[in-house]
Amino acid sequence: MFKREKCGHRSRSLAVGGEPRFSYEIGDITYWSPCPDIAVFYDHDGESIPDPGIVILGKIDHLGADALNKYDGAVDVAIEAID
């Protein structure tokens with residue numbers, strides 16, 4: 001989407017917690033509540049996020065996010081929590 005994030009559609013919504021944000025940083029792993037989508041931002045276009053905003057779930061480092069920039073289409077990504 002928008003050549004700034006890779007998103008994946010979940011089959012169901014998440015319980016939303018946390019403060020919604022209307023901006024993002026490269027590497028943010030986010031949840032978009034109108035559709036049950038998870039997105040990883042790999043580039044910045046200077047645009048803000050429309051209402052209702054996004055919830056930050058986590059973050060990957062810039063090098064990890066930059067790896068997504070080289071794919072024009074779909075890419076399989078697994079996201080796992082670490083301690």
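Residues numbered from 1 in each chain as written. Predicted model: local features only at pLDDT ≥ 70, side-chain atom pairs only at ≥ 80, totals over all residues. Heavy atoms only, no water.

Engineer: Tell me about the packing of aromatic side chains, residues and numbers included.
Structural biologist: Tallied over the full model, the rule gives one aromatic pair. With a centroid separation of 4.1 Å and an interplanar angle of 20 degrees, the aromatic rings of Tyr24 and Phe41 are classed as stacked. Taken together, the residues Tyr24 in the loop between strand E1 (5–9) and strand E2 (28–32) and Phe41 in strand E3 (residues 37–41) connect sequence positions 17 residues apart. No difference in accessibility class separates Tyr24 from Phe41, as the two residues are buried. (Phe/Tyr/Trp six-rings, centres within 6.5 Å; stacked < 30°, edge-to-face > 60°. Helix = DSSP H or I, 4+ residues; strand = E, 2+ residues; numbered from the N terminus. Buried < 20%, exposed > 50% of the residue type's maximum accessible area, 1.4 Å probe, protein only.)

Engineer: If you had to explain the pattern of salt bridges to someone new, which residues and values would you point to?
Structural biologist: The full count for this structure, using the stated rule, is five salt bridges. Here the salt bridges share partners, and the residues they tie into one network are Arg21, Glu25, Asp28 and Lys59. (Salt bridge = Lys/Arg side-chain N within 4 Å of Asp/Glu carboxyl O.)

Engineer: Can you tell me about the sheet that holds E3, naming the residues and giving the values?
Structural biologist: One open sheet accounts for four strands, arranged E1-E3-E2-E4; its pairing is antiparallel. Edge strands, defined here as strands with exactly one partner in the open sheet, are E1 and strand E4 (54–59). Across the sheet, the mean angle from the axis of one strand to that of its neighbour is 25 degrees, orientation sign disregarded. (Pairing = 2+ DSSP bridges. Axes fitted to C-alpha atoms, helices over the stretch in contact; angles between N-to-C directions.)

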